[in-house]
Amino acid sequence: MSRKDLQGTPNKGLIGTTLGFFVGFAAVSLFGPTAKLLDQTMMMTSLQLGLLVAMPNLTGSLLRIPFGAWVDTTGGRKPFLILLALSAVGMVGLAALLGVVGPQNLTIDYYPLLLLFALFSGCGIATFSVGVGQVSYWFPKEKQGWALGAYAGFGNIAPGLFSYLIPLLIGAIAITGTYLVWLIFLLVGIFAYYKLAPNAYFFQLSSQNYSVEQAKKRARSMGQELFPQGGLWDGLIKAAKIRQTWPLVFIYFTTFGGFLALTAWLPTYWQEYFGKPLAVAGGLTMLYSVLASVIRVPGGILADRIGGVITLVISMLVSAVGAVILSFGQSVTIAIIGLLLLAIGMGISNAGVFKLVPQYIGEAVGGGAGWVGGLGALGGFALPPLMGLFVEIQGVAGYRNGFLIFVILTVISLGLIYMLKRQSKTTNT
């Protein structure tokens, strides 16, 4: 196979994978902007509401583990396409339910069905760890901070953008038409990923019956540096044995899991605590979500220059300040300041974490991305119901006091970052 017979370049692989992740990741906002509308007829408790907006993040987090590790055996295309297809199944079901029953006729009896469709739709969120592996295999180590920052940063824009667009679409074509438009967008995105996102050279060569050594040699001559070692479970087992994996999991639970949780929860927070209309709540949620996403790009560049550990220390301190402000602030202005600080801190922290994944877990990038991305993103499922529980117990004040969760998580994460700093000069075992 000559060079001209191989598909793609690192930049093309990055663009295609980022586009696919953008499409799948939009499911974070599946119910957040519409939760209050659905609740008008379903009459959910705060805990049920929190669980509903968080449900897509359950499959979106747990499936990252096996699908992220799968990249080490086949490359990213196959697992990526399967996850997007499952997400489309959920969107078809949701659009059909709203079309047949009608949003005005939804009762609490349909709650389990909504949870089921949310689980399927959330599969697209799991493309994150698949894309991390796919991008990492394309780029040399010294450029991975930038590449992964760009991948995650631009892909992460989707939930915030949809939090803003959904209320506008609902005003124009109602909730049923809005989800139908979303389904069409998802299907177009799946096709675009299929056309634009090839695997890294090693996996292309391996699929053409090259031996492992021949494929590595050819791919290395074209600039590829990272190569998988072992099978699917080997990557997960190897990553699990590396002690730095688990602090990174918890830190990512705080930062990226927190990002997912807040993107889903904030529309309800702005509407219920401050009485803002749906369109304003969506716009304020987009402000937080897009900032946390876009800043991940310069965060990746910063991590390349000063190192992932120092980047995490600085950004986590910013997050801690933002969480404290939110826990005590009772005005819209103070809340916005706190959320902007939290967005900056979380976004840069997310870039710092995945600068360290190839560094600490380079022999099993897919497995490492699966553990960190999967268990870390589980925060997006666990935290909204917990914040809803604050509201159940404390009433309206619980919307503010629920941010104490992030104060606690950031303090624990700073302690774990200190452990990573001490271990940064040791050899992984």
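Structure: see above.
The following refers to the structure shown. (Residues numbered from 1 in each chain as written. Predicted model: local features only at pLDDT ≥ 70, side-chain atom pairs only at ≥ 80, totals over all residues. Heavy atoms only, no water.)

### Re the overall build of the protein chain
Here's step 1: Broken down by element type, the protein chain carries 22 helices and zero strands.
Here's step 2: If one aligns the C-alpha atoms of the protein chain with their principal axes, the spans along those axes are about 60 × 50 × 30 Å.
Here's step 3: The buried share of the protein chain, reckoned over its 429 residues, is 59%.
Here's step 4: Considering only intrachain contacts with a sequence separation of at least 6, the fraction spanning at least 24 residues in the protein chain is 83%.
Here's step 5: When the accessible area of the protein chain is evaluated, it comes to approximately 15,500 Å², of which 68% is carbon and sulfur surface. (Helix = DSSP H or I, 4+ residues; strand = E, 2+ residues; numbered from the N terminus. Buried < 20%, exposed > 50% of the residue type's maximum accessible area, 1.4 Å probe, protein only. Contact = heavy atoms within 4.5 Å. Areas by Shrake-Rupley, 256 points an atom, 1.4 Å probe, with all protein chains shown as cover.)

### Considerations on the nonpolar core
Here's step 1: In this structure, Phe31, Tyr179, Leu262, Tyr269, Trp270, Phe354 and Phe403 are the most contacted members of the largest nonpolar core, which totals 136 residues.
Here's step 2: Tallying contributions element by element places helix α14 (residues 245-274) first for this core, with 17 residues.
Here's step 3: Not counting residues within four places of it along the chain, the set of residues in contact with leucine 262 comprises Pro267, Tyr288, Leu342, Met346, Met387, Phe403 and Phe406. (Core = buried A, V, L, I, M, F, W, Y, C linked by side-chain atoms within 4.5 Å.)

### Quick notes on the environment of alanine 219
Here's step 1: Tracing the backbone through its elements, the reader meets alanine 219 in helix α12 (residues 212-221).
Here's step 2: When its relative accessible area of 0% is taken as the criterion, alanine 219 is described as buried.
Here's step 3: In the structure, alanine 219 is positioned 24 residues away from arginine 243 in sequence and 30 Å away in space, judged by C-alpha atoms.
Here's step 4: Every residue in contact with alanine 219, bar those within four places of it in the chain, is listed here: Tyr201, Phe202, Leu205, Gln224 and Phe227.

### Re the packing of helix α5 (residues 64-74) against helix α8 (residues 127-138)
Here's step 1: Packing of α5 against α8 brings their axes to within 7 Å, and their N-to-C directions diverge by 20 degrees. It follows from the interaxial angle that α5 and α8 lie roughly parallel. Crossing of α5 over α8 shows right-handed handedness. For the pair formed by α5 and α8, the contact residues are Arg64, Phe67, Gly68, Val71 and Asp72 on the first element and Phe128, Ser129, Val130, Gly133, Gln134 and Tyr137 on the second.
Here's step 2: Per-class residue counts for the contact of α5 with α8 are five nonpolar, four polar and two charged. (Axes fitted to C-alpha atoms, helices over the stretch in contact; angles between N-to-C directions. Parallel < 35°, antiparallel > 145°, perpendicular 65-115°, else oblique. Left-handed = near helix turned anticlockwise from the far one by under 90°. Nonpolar A, V, L, I, M, F, W, Y, C, P; charged D, E, K, R; others polar.)

### Some thoughts on the packing of helix α6 (residues 77-101) against helix α7 (residues 111-121)
Here's step 1: As a packed pair, α6 and α7 sit with axes 6 Å apart at the nearest point and diverge in direction by 150 degrees. Taken as axis vectors, α6 and α7 run roughly antiparallel relative to one another. For the pair α6 and α7, the sense of crossing is left-handed. For the pair formed by α6 and α7, the contact residues are Leu86, Ser87, Val89, Gly90, Met91, Gly93, Leu94 and Leu97 on the first element and Leu113, Leu114, Phe117, Phe120 and Ser121 on the second.
Here's step 2: A breakdown of the residues in the contact of α6 with α7 according to their chemical character gives nine nonpolar, four polar and no charged.

### As for the packing of aromatic side chains
Here's step 1: Counted by the stated rule, this structure contains 32 aromatic pairs.
Here's step 2: What links up through ring pairs into an aromatic cluster is the set Phe21, Phe25, Phe128, Tyr151, Tyr252, Phe256, Phe259 and Tyr288. (Phe/Tyr/Trp six-rings, centres within 6.5 Å; stacked < 30°, edge-to-face > 60°.)

### Some words on a nonpolar patch on the surface
Here's step 1: Nonpolar side chains collect at one region of the surface, where Leu47, Leu386, Leu389 and Ile393 lie side by side and expose about 350 Å² of accessible area between them.
Here's step 2: The dominant element in the nonpolar patch, judged by the number of residues it contributes, is helix α20 (residues 379-394), at three residues.
Here's step 3: Here leucine 389 lies in helix α20. (Patch = residues over 30% accessible without salt bridge, like charges linked within 9 Å, V, L, I, M, F, W, Y side chains within 5 Å. Salt bridge = Lys/Arg side-chain N within 4 Å of Asp/Glu carboxyl O.)

### Description of the pattern of salt bridges
Here's step 1: Summed over the entire model, instances satisfying the criterion amount to two salt bridges.
Here's step 2: Across the salt bridge formed by glutamate 272 and lysine 36, the nearest N and O atoms sit 3.8 Å from each other. Taken as a pair, glutamate 272 in helix α14 and lysine 36 in helix α2 (residues 35-42) lie far apart in primary sequence, 236 residues in all.
Here's step 3: For glutamate 272, a relative accessible area of 35% puts it in the partly exposed group.
Here's step 4: Note that aspartate 304 and lysine 355 form a salt bridge whose closest N and O atoms lie 2.8 Å from each other.

### Side note on unusual backbone geometry
Here's step 1: Positive phi is not limited to glycine here, since methionine 43 has a value of about 55 degrees.
Here's step 2: As for its placement among the helices and strands, methionine 43 is situated in the loop between α2 and α3 (46-54).
Here's step 3: At alanine 174, a residue that is not glycine, the phi angle is positive and equals roughly 70 degrees.
Here's step 4: Within the element layout of this structure, alanine 174 appears in helix α10 (residues 157-196).
Here's step 5: Alanine 174 gets classed as partly exposed once you look at its relative accessible area, which sits at 40%.

### Quick look at the layout of surface pockets
Here's step 1: There is about 170 Å³ of room inside the largest pocket.
Here's step 2: Surrounding the largest pocket, 11 residues form its lining, Gln7, Asn199, Gln204, Ser207 and Gln208 being those nearest its centre.
Here's step 3: The residue inventory of the lining of the largest pocket, partitioned by class, reads four nonpolar, five polar and two charged. (1 Å grid on protein atoms, 1.4 Å probe; cavity = no way out; pocket = protein on both sides within 12 Å on 5 of 7 lines; lining within 4 Å. Points joined across faces, edges and corners; volume = space filled by probe spheres on them.)

### So, helix α16 (residues 296-306)
Here's step 1: Along α16, the residues that are buried comprise Arg296, Val297, Gly299, Gly300 and Ala303. All buried residues of α16 project into a common sector of 160 degrees when viewed along the axis, lining one side.
Here's step 2: Here the buried face of α16 lies against α8, α9 (144-155), α14, α15 (278-294), α17 (308-328) and α18 (332-360). (Arc of directions from axis to C-beta.)

### Looking at the side chain of threonine 311
Here's step 1: For threonine 311, the position within the fold is in helix α17.
Here's step 2: A polar side-chain atom of threonine 311 sits 2.8 Å from the main-chain carbonyl oxygen of glycine 307. (Polar contact = N/O pair within 3.5 Å; in protein donor to acceptor, adjacent residues only side chain to side chain.)

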